[in-house]
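Architecture at a glance
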Amino acid sequence: MSEIDLKRFFLEQVRLFESFPADKVEEIVIKSRLATYEGNEAILETGDEGRSIGVMISGHAEISMTDNTGTRAVITQLGVGDVFGVMSLLTGDPIVADVIAGNRCFVLMIPQDVFNTHILTNPKAVGYLSRLLADRTRAMSVDLVTAQTNAVVHSSDPYALSLTTNEPGKVLVLNVGISQIHFGIYDTEESGADVHGIIDHADQQVTRITVKVGTQQQTIEHAPFKLSDLFKVMQEATALLGEHFTFHPEDVSAVGHRVVHGGNKFSSSVVITPSVIADIEELSVFAPLHNPVNVAGIRVAIKQFPNVPQVAVFDTAFHQTLAPYAYLYGLPYDLYKQHGIRRYGFHGTSHRYVSLKSAEVLKRPLGELEIVSCHLGIGASLCAIDHGRSIDTTMGMTPSDGLIMPSRAGSIDPAVMIHLMEKHHMSPEQLSTLINTESGMKGISGISSDIHEIEEAAADGHHRALLAHKAYCYQVRKNIGAYVAAMGGIDVLAFTGDVGETSATVRSLACQGLGYMGIKLDEEKNRNTGSVDNFAIISAEDSPVTIIVVANDDERLVAWETLRAIERNALLLAANTEELPIPVEISAHHAHLSQADVEKLFGPGHQLTPMHELSQPGQFACQEQVHLVGPKGRIAKVRVLGPTRKETQVEIAMTEQFKLGIQPPIRQSGDLTGTPGVTLEGPYGTSVIERGVICAQRHIHMTPEDAMRFHVRDNYVVRVRIEGERQLIFGDVVVRVNPAFRLAMHIDTDEGNAGNIQTGMLGYIEEIQSRH
């Protein structure tokens with residue numbers, strides 16, 4: 001079929017394009033790909049990544065799904081002019097259904113970039129697609145959660161951990177430190193061509209440069225040089241690896257910079273602008289040894305690559321989901337409010353990657369897992385990741401806090417510092433050196449900060465080496481237990497970092513005695529796990545908890561975050577969200593009841609009595625009210641919302657936890673695993689629920705049409721600016737997309753009262769934080 005015939009076909013027979021001018025249709029056709037499929041051939045398969053939408057030119061096909069019993073159900077038949085593959089592009093999830101050709105088919109595959117720029121900008125096309133998705137969602141015999149879970153199981157890269165992109169190029173990563181510069185060069189087409197380098201300029205007389213690709217490694221000595229000559233020196237050094245791996249600045253398509261401290265201003269990686277640089281410099285008060293040199297690297301790279309997107313990747317960003325009770329120190333509140341003194345946490349990129357990799361390996365949705373991530377390297381920290389969110393971590397305002405580390409002291413009595421200043425006349429500089437470079441296992445053992453040297457000495461009976469090793473492992477094990485308690489359970493225990501990956505002894509001692517928590521190590525697998533290229537499972541076959549070792553590559557993680565940040569920024573710019581307001585609504589405490597609990601509380605056969613409709617279609621406030629009774633107290637007259645649900649759920653505000661004496665987690669509606677229960681009292685009787693109480697994560701309801709306009713998808717996490725008496729920005733706002741929703745952002749009464757926000761105010765999406 002010629003391009004002229006295709007254009008005429010689109011204008012006459014495809015409803016999606018009935019409002020498009022002829023020249024626009026021609027442009028779409030030229031930029032798309034015509035594909036042929038034979039009968040019974042899969043056009044799209046469950047678990048595939050959505051990269052394009054399809055338009056049937058000839059032939060017929062069907063969309064079908066398989067439920068968790070293996071039963072296949074046909075959702076709809078596709079004929080000439082029909083469109084498919086839209087849902088995956090909008091949700092960002094893997095494809096949730098199979099599209100199978102019924103006979104020989106010609107299909108025009110329209111790539112995502114053309115879909116974004118040419119179709120989502122047409123209001124009538126957006127409206128048509130929204131109605132189409134609503135119809136197909138209603139036709140599903142499998143609920144969407146089950147479908148998405150099936151897609152994760154079948155996808156080869158469900159969390160987009162690959163660095164492969166549609167555009168060829170090299171991602172350059174810079175980690176500029178005081179005495180070393182680490183860099184990585186990542187080819188977006190050839191995964192085996194990753195180049196790593198370390199430039200060590202601790203010696204003022206000579207600079208030592210090591211470059212590596214695969215098993216090939218070269219080391220040279222170089223005269224000291226200025227930072228402005230960095231890229232010329234990188235080119236010289238990588239040339240030793242051969243022309244194929246030589247760094248050529250013109251190949252660079254993106255630059256990622258590791259930045260140590262993002263404070264509470266940055267909850268995700270961001271494309272660098274002048275204001276971002278100014279914020280990083282302002283945050284140098286928390287990382288005076290790191291942020292200034294990070295900025296120096298950024299400035300040099302911007303000068304070298306003025307037209308290449310550059311991204312700041314913050315160690316602290318992942319932990320911005322910590323609740324105040326987890327990040328506050330026991331100091332006067334004004335020190336936090338006025339000066340930002342609080343726990344921030346570090347190794348965030350590593351912990352986030354470990355959580356996604358764990359979900360990929362287990363083939364389970366991240367949103368249902370409880371993970372303890374142990375990053376054990378030069379620095380060491382643990383992180384409790386509850387359903388994809390960091391809820392606690394061992395490092396504090398700086399990377400010096402937390403565990404005993406190879407050369408850092410970790411948590412110590414703050415009065416010890418006062419004592420050392422008063423009795424030993426140590427200056428702040430001397431104290432900083434003491435706790436960061438002369439303490440930890442190095443300080444206790446008196447030997448080294450290298451775990452393998454300490455283990456060798458311990459094997460020879462060296463008392464202080466034994467003591468240092470035992471203290472280190474004890475702290476790791478103790479905090480694993482603490483984080484299992486914090487989350488109320490555990491599905492995955494993950495080890496990463498140089499020590500976590502290479503010391504079988506540390507892993508073994510960290511897991512000993514935790515069998516009652518379901519943590520059962522296979523000692524043989526653990527001992528035989530050598531160098532880990534990707535991941536290794538070391539738990540026993542009957543272990544309820546999966547124990548996994550994940551290979552860590554700091555620079556690669558920065559490259560991964562860089563690509564994701566550029567994608568998020570492009571979506572935000574395309575949406576022009578400044579012109580798209582979102583109504584804000586305050587959600588007070590309420591209860592959703594199952595029919596069984598309705599009858600326990602209000603009598604046999606009782607049906608909920610609608611009082612008035614709510615903003616979300618089909619939802620209503622009921623005349624019925626219940627009392628909540630917890631271990632400590634009660635909350636009277638809590639409104640019931642209808643209709644009934646499969647399982648009872650109670651949503652309260654953070655301040656109401658204390659009244660009841662329970663500590664529910666921050667969760668999305670319906671995510672009830674590991675949540676506390678409560679007693680409900682009604683006029684007829686009581687019902688004790690074992691689980692179901694949550695503090696609702698702030699969220700935005702959207703229709704698919706809204707999601708298209710905002711260029712977001714289901715489960716994206718965004719930052720929202722609310723205009724009121726004073727401008728406020730709320731982070732960690734999850735987007736929920738469903739054809740039955742109406743556009744509205746929901747926050748609870750605590751958040752509304754704190755910001756003097758009232759129902760009816762407007763919010764604007766400022767940033768897309770994450771896309772999973």
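Residues numbered from 1 in each chain as written. Predicted model: local features only at pLDDT ≥ 70, side-chain atom pairs only at ≥ 80, totals over all residues. Heavy atoms only, no water.

In terms of helices and strands, the chain carries 25 helices and 37 strands. Relative to a compact globule of 772 residues, whose C-alpha radius of gyration would be 28 Å, the chain shows 28 Å and is just as compact. A fraction of 68% describes how many contacts in the chain between residues 6 or more apart in sequence connect residues 24 or more apart. Surface summary for the chain: the accessible area is close to 33,400 Å², and the carbon and sulfur share equals 51%. Mean positive and mean negative side-chain charge positions of the chain (63 and 92 charges, respectively) differ by 4 Å. (Helix = DSSP H or I, 4+ residues; strand = E, 2+ residues; numbered from the N terminus. Rg over C-alpha atoms; globule rule 2.2 N^0.38 Å. Contact = heavy atoms within 4.5 Å. Areas by Shrake-Rupley, 256 points an atom, 1.4 Å probe, with all protein chains shown as cover. Lys, Arg positive; Asp, Glu negative; His and termini not counted. Charge placed at Lys NZ, Arg CZ, Asp CG, Glu CD.)

Along the chain, Phe710 falls in helix α24 (residues 704–710). Sequence spacing of Phe710 and Leu580 is 130 residues, and the spatial spacing of their C-alpha atoms is 7.5 Å.

Before going further, it helps to spend a moment on the pairing of strand β31 (residues 686–689). Alternating residues of β31 divide into Ser687 and Ile689, all buried, and Thr686 and Val688, none buried. Between the antiparallel neighbours strand β30 (residues 678–681) and β31 lie 4 residues. (Buried < 20%, exposed > 50% of the residue type's maximum accessible area, 1.4 Å probe, protein only. Pairing = 2+ DSSP bridges.)

Inside soluble globular proteins, nonpolar side chains tend to come together where they are buried. Counting residues in hydrophobic clusters, the biggest one holds 43 residues, and the most contacted among them are Val372, Leu376, Leu382, Ile480, Leu493 and Ile519. When contributions to this core are tallied by element, the ones reaching two or more residues are β17 (370–376), β18 (380–386), α16 (451–459), α17 (463–487), β20 (492–496), α19 (504–511) and β22 (546–550). The element that contributes the greatest number of residues to this core is α17, accounting for 9 residues. When sequence neighbours within four positions are dropped, the list of residues in contact with Ile519 reads Ile480, Ile490, Leu493, Cys511, Leu514, Ser543, Val545 and Ile547. (Core = buried A, V, L, I, M, F, W, Y, C linked by side-chain atoms within 4.5 Å.)

On to unusual backbone geometry. In this structure, the amide linkage connecting Gly642 to the following residue, Pro643, adopts the cis form with an omega of 5°. Among the secondary structure elements, Pro643 is positioned in strand β27 (residues 634–645). Within the chain, Asn40 stands out as a residue other than glycine whose phi angle is a positive 70°. Checked against the element boundaries, Asn40 lands in the loop between β1 (33–37) and β2 (42–44). Positive phi values are uncommon outside glycine, yet His347 reaches one of about 60°. Looking at the element boundaries, His347 is found in the loop between α11 (333–339) and α12 (348–362).

A few words now on a negative patch on the surface. A cluster of like negative charges, contributed by Asp450, Glu453, Glu456, Asp460 and Asp498, occupies part of the molecular surface. Note that Glu453 resides in helix α16. Judged by its relative accessible area of 41%, Glu453 falls in the partly exposed class. (Patch = residues over 30% accessible without salt bridge, like charges linked within 9 Å, V, L, I, M, F, W, Y side chains within 5 Å. Salt bridge = Lys/Arg side-chain N within 4 Å of Asp/Glu carboxyl O.)

A full pass over the atoms with the stated rule returns 29 salt bridges. Across the pair Arg364 and Glu368 runs a salt bridge, and its minimum N-O distance is 2.8 Å. For Arg364, a relative accessible area of 27% puts it in the partly exposed group. By relative accessible area, Glu368 is classed as partly exposed at 33%. Note that Glu438 is salt-bridged to Lys442, the shortest N-O span being 3.8 Å. What makes Glu438 partly exposed here is its relative accessible area of 41%. In this structure, a network of salt bridges that share partners links the residues Glu370, Asp386, Arg667 and Asp671.

This next bit is on the packing of helix α8 (residues 274–282) against helix α9 (residues 291–304). Direction vectors running N to C along α8 and α9 enclose 160°, while the axes themselves pass 9 Å from each other. The pairing of α8 with α9 is recorded here as roughly antiparallel in orientation. α8 and α9 meet at a crossing whose hand is left-handed. Where α8 abuts α9, its residues Ile277, Ile280 and Glu281 lie against Asn291, Val295, Ile298, Arg299 and Ile302. Here the contact of α8 with α9 is built from residues that sort into 5 nonpolar, 1 polar and 2 charged. (Axes fitted to C-alpha atoms, helices over the stretch in contact; angles between N-to-C directions. Parallel < 35°, antiparallel > 145°, perpendicular 65-115°, else oblique. Left-handed = near helix turned anticlockwise from the far one by under 90°. Nonpolar A, V, L, I, M, F, W, Y, C, P; charged D, E, K, R; others polar.)

Let us look at the side chain of Gln112. Within the fold, Gln112 resides in helix α4 (residues 112–119). Overall, the relative accessible area of 19% leaves Gln112 in the buried class. Residue contacts for Gln112: discarding those within four places in its chain leaves Gly50, Arg51, Ser52, Leu89 and Arg713.

As a further point, take the packing of aromatic side chains. By convention here, two paired aromatic rings are described through the distance between centres and the angle between planes. Under the counting rule described, the total for this entry stands at 8 aromatic pairs. Between Phe231 and Phe247, the ring centres sit 6.5 Å apart and the planes meet at 35°, which makes this aromatic pair tilted. Here Phe247 lies in the loop between α7 (230–238) and β14 (252–259) and Phe231 lies in helix α7, a separation of 16 residues in the sequence. Each member of the pair, Phe231 together with Phe247, is buried. Seen in terms of ring centroids, Phe266 and Phe314 are 4.4 Å apart; in terms of plane orientation they differ by 10°. Their pairing is stacked. Taken together, the positions of Phe266 in the loop between β14 and β15 (270–271) and Phe314 in strand β16 (residues 310–314) put the pair 48 residues apart, joining distant regions of the chain. Of the two residues, Phe266 and Phe314, both sit in the buried class. Through a chain of ring-to-ring contacts, three or more aromatic side chains come together here, namely Phe231, Phe247 and Phe305. The ring of Tyr327 is capped by Arg342, whose NZ or CZ atom sits 3.7 Å from the centre of that ring. (Phe/Tyr/Trp six-rings, centres within 6.5 Å; stacked < 30°, edge-to-face > 60°. Lys NZ or Arg CZ within 6 Å of the ring centre and 35° of its normal.)

With that settled, consider the side chain of Asn291. With respect to the helices, strands and loops of the structure, Asn291 is situated in helix α9. Contacts of Asn291, omitting those with residues within four sequence positions, involve Val259, Val260, His261, Ile280, Leu283 and Ser284.

To continue, consider the environment of Glu723. Its location among the elements puts Glu723 in strand β34 (residues 717–723). In this structure, the C-alpha to C-alpha distance between Glu723 and Ile757, residues 34 residues apart in sequence, is 8.9 Å. Setting aside chain neighbours within four positions, we find Glu723 in contact with Met761, Leu762 and Tyr764.

Taken N-terminus to C-terminus, the directions of α16 and α17 make an angle of 125°; their axes are 8 Å apart at the nearest point. Between α16 and α17, the angle is such that the two are oblique. Relative to α17, α16 is oriented so that their crossing is left-handed. In this structure, α16 contributes Ile451, Ile454, Glu455, Ala457 and Ala458 to the contact, and α17 contributes Ala465, Leu466 and His469. Of the residues in the contact of α16 with α17, the class split is 6 nonpolar, 1 polar and 1 charged.

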